Amino acid sequence: AGASIIDYSWNWGDGTTETLTLPASAQQFPVTHVYRDDDPTGTALDQVTATITVNDDDTGSATTTAGITVTNAVPSVTASFASGTIDEGQDGVLLIDISDPGADDTFDVEIDWGDRVETLTGLGVGAHSFTNHYRDDGPTTAPQDSYPVRVSVVDDDGGSASAASSVTVKDV
């Protein structure tokens, strides 16, 4: 009788490993892996080498490798104000949510509040809140003015996204 394969071991080339034990009768099986980042940082794509080792019950083994190109995924961002209308002299609270399949990416964020620009570095995926103080309802004589806000996000590999929102500031 021939040897039976007892396990398959993967080194995905990104610091993660995985071992799968299957019955000898298994002929095909799907295996997937998600690369959390195209490392090193600062590049739009990177090459990694994945290795698989197959072991049998007679202490035999075979190993092979495959080159894989990991491409940076573009982030997405949403922006909205906690309250769409505030009184002059109050803070507007901007809620942003950054998502990216490259879960280990970090982000530089620029918020153009309309009356000033704020730059933040090293943010992660997820929800964040920021405030801006609105002293006056704006340059018009209207009882309220709208302030547009633009959020730009760039991940550590150059992928970018933007979003816009606005807040209405009432004269008091």
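Basis of the calculations
- In this numbering scheme, every chain counts its residues from 1 along its sequence in written order.
- Two thresholds apply to this predicted model, a pLDDT of at least 70 for residue-level local features and 80 or more for giving and counting side-chain atom pairs, whereas whole-chain, interface and lining totals are computed over all residues.
- The side-chain numbers reported here are obtained from all heavy atoms of the structure, hydrogens and water having been left aside.
- Only rings of Phe, Tyr and Trp enter the pairing, Trp through its six-membered ring, and a pair is recorded when the two centres are within 6.5 Å. The plane angle decides the type: under 30 degrees is stacked, over 60 is edge-to-face, the rest tilted.
- Any residue under 20% of the maximum accessible area for its type is buried, any over 50% is exposed, and the rest in between are partly exposed; the area is computed with a 1.4 Å probe on protein chains only.
- Strand pairing is defined by DSSP finding a minimum of two bridges between the two strands.
- A run of DSSP states H or I qualifies as a helix once it reaches four residues; a run of E qualifies as a strand once it reaches two. Both are numbered from the N-terminal end.
- Note on method: axes are straight lines fitted to C-alpha atoms, helices fitted across the in-contact stretch only, with angles between N-to-C directions ranging 0 to 180 degrees.
- Grouping buried Ala, Val, Leu, Ile, Met, Phe, Trp, Tyr and Cys residues that are joined through side-chain atoms within 4.5 Å yields what is termed a nonpolar core.
- Note on contacts: a residue pair qualifies if any of its non-hydrogen atoms lie within 4.5 Å across the two residues.
- Known as pLDDT, the predictor's confidence for each residue is given on a scale from 0 to 100.
- By the criterion applied in these results, polar contacts are pairs of N or O atoms within 3.5 Å in which, for protein atoms, one can donate a hydrogen and the other can accept it, and in which residues neighboring in sequence qualify only through two side-chain atoms.
- The charge count includes Lys and Arg as positive and Asp and Glu as negative, but it does not include His or the ends of the chains.
- Whenever a carboxyl oxygen of Asp or Glu lies within 4 Å of a side-chain nitrogen of Lys or Arg, that contact is scored as a salt bridge.

Some thoughts on the packing of aromatic side chains
A full pass over the atoms with the stated rule returns six aromatic pairs. An angle of 25° between the planes, with centres 6.2 Å apart, marks the rings of Tyr8 and Trp10 as stacked. Of the two residues, Tyr8 and Trp10, both sit in the buried class.

Structural notes on the sheet that holds strand 5 (residues 76–81)
Strand order in the open sheet formed by three strands is 5-7-10, with antiparallel pairing between adjacent strands. In this open sheet, the two edge strands, each paired with only one partner strand, are strand 5 and strand 10 (126–134). Strand-to-strand, the axes of this sheet are offset by a mean angle of 20°, without reference to chain direction.

Some words on the nonpolar core
If you look at the biggest cluster of nonpolar residues, it comprises 23 residues, and the most contacted ones within it are Leu94, Ile96, Val109, Ile111, Tyr134 and Val151. Of all the secondary structure elements, the ones that give two or more residues to this core are strand 5, strand 7 (90–99), strand 8 (107–112), strand 9 (117–123), strand 10, strand 11 (144–155) and strand 12 (160–170). Every residue in contact with Tyr134, bar those within four places of it in the chain, is listed here: Phe81, Ile86, Asp87, Glu88, Gly89, Gln90, Gly92, Trp113, Tyr147, Val149, Val167 and Val169. Among the nonpolar cores identified, the runner-up in size contains eight residues, and Trp10, Leu22, Val48 and Ala50 belong to it.

A closer look at the sheet that holds strand 6 (residues 85–87)
Read across the sheet, five strands follow the order 6-12-11-8-9 without closing on themselves; strand pairing throughout is mixed. One side of each edge strand has no neighbouring strand; the edge strands of this open sheet are strand 6 and strand 9. When strand polarity is set aside, the average angle formed by the axes of neighbouring strands in this sheet is 25°. Inspection of the sheet shows strand 11 paired to strand 12 by 11 bridges, in the antiparallel sense. Note that in strand 12 the partner of Arg150 across the bridge is Ala164.

Quick word on the confidence of the model for the protein chain
Residues of the protein chain with pLDDT of at least 70 account for 97%, and the chain-wide mean is 90. Taken element by element, the protein chain is modelled with least confidence in strand 1 (residues 5–11), mean pLDDT 86, and with most confidence in strand 5, mean pLDDT 98.

Overview of the pairing of strand 4 (residues 61–71)
Sheet analysis places strand 3 (residues 45–56) next to strand 4, joined by 11 bridges and oriented antiparallel. Looking at strand 4, one finds that Thr51 is bridged to Thr65. Adjacent in sequence and paired antiparallel, strand 3 and strand 4 are bridged by four residues, among which Thr59 carries a positive phi angle near 65°.

Describing the side chain of Glu118
Mapped onto the fold, Glu118 is located in strand 9. There is a polar contact of 3.0 Å between the side chain of Glu118 and the side chain of Trp113. For Glu118, the residues in contact, after removing those within four places along its chain, are Val109, Glu110, Ile111, Trp113 and Thr131.

Details of the side chain of Asp100
Following the sequence through the fold, Asp100 ends up in the loop between strand 7 and strand 8. Buried and unpaired, Asp100 has Arg36 as its nearest opposite-charge partner, separated by 10 Å. At 2.7 Å, the side chain of Asp100 forms a polar contact with the backbone nitrogen of Gly102. Beyond its immediate stretch of four places on either side in the chain, Asp100 contacts Ala73, Val74, Pro75, Asp105, Phe107, Val125 and Asp155.

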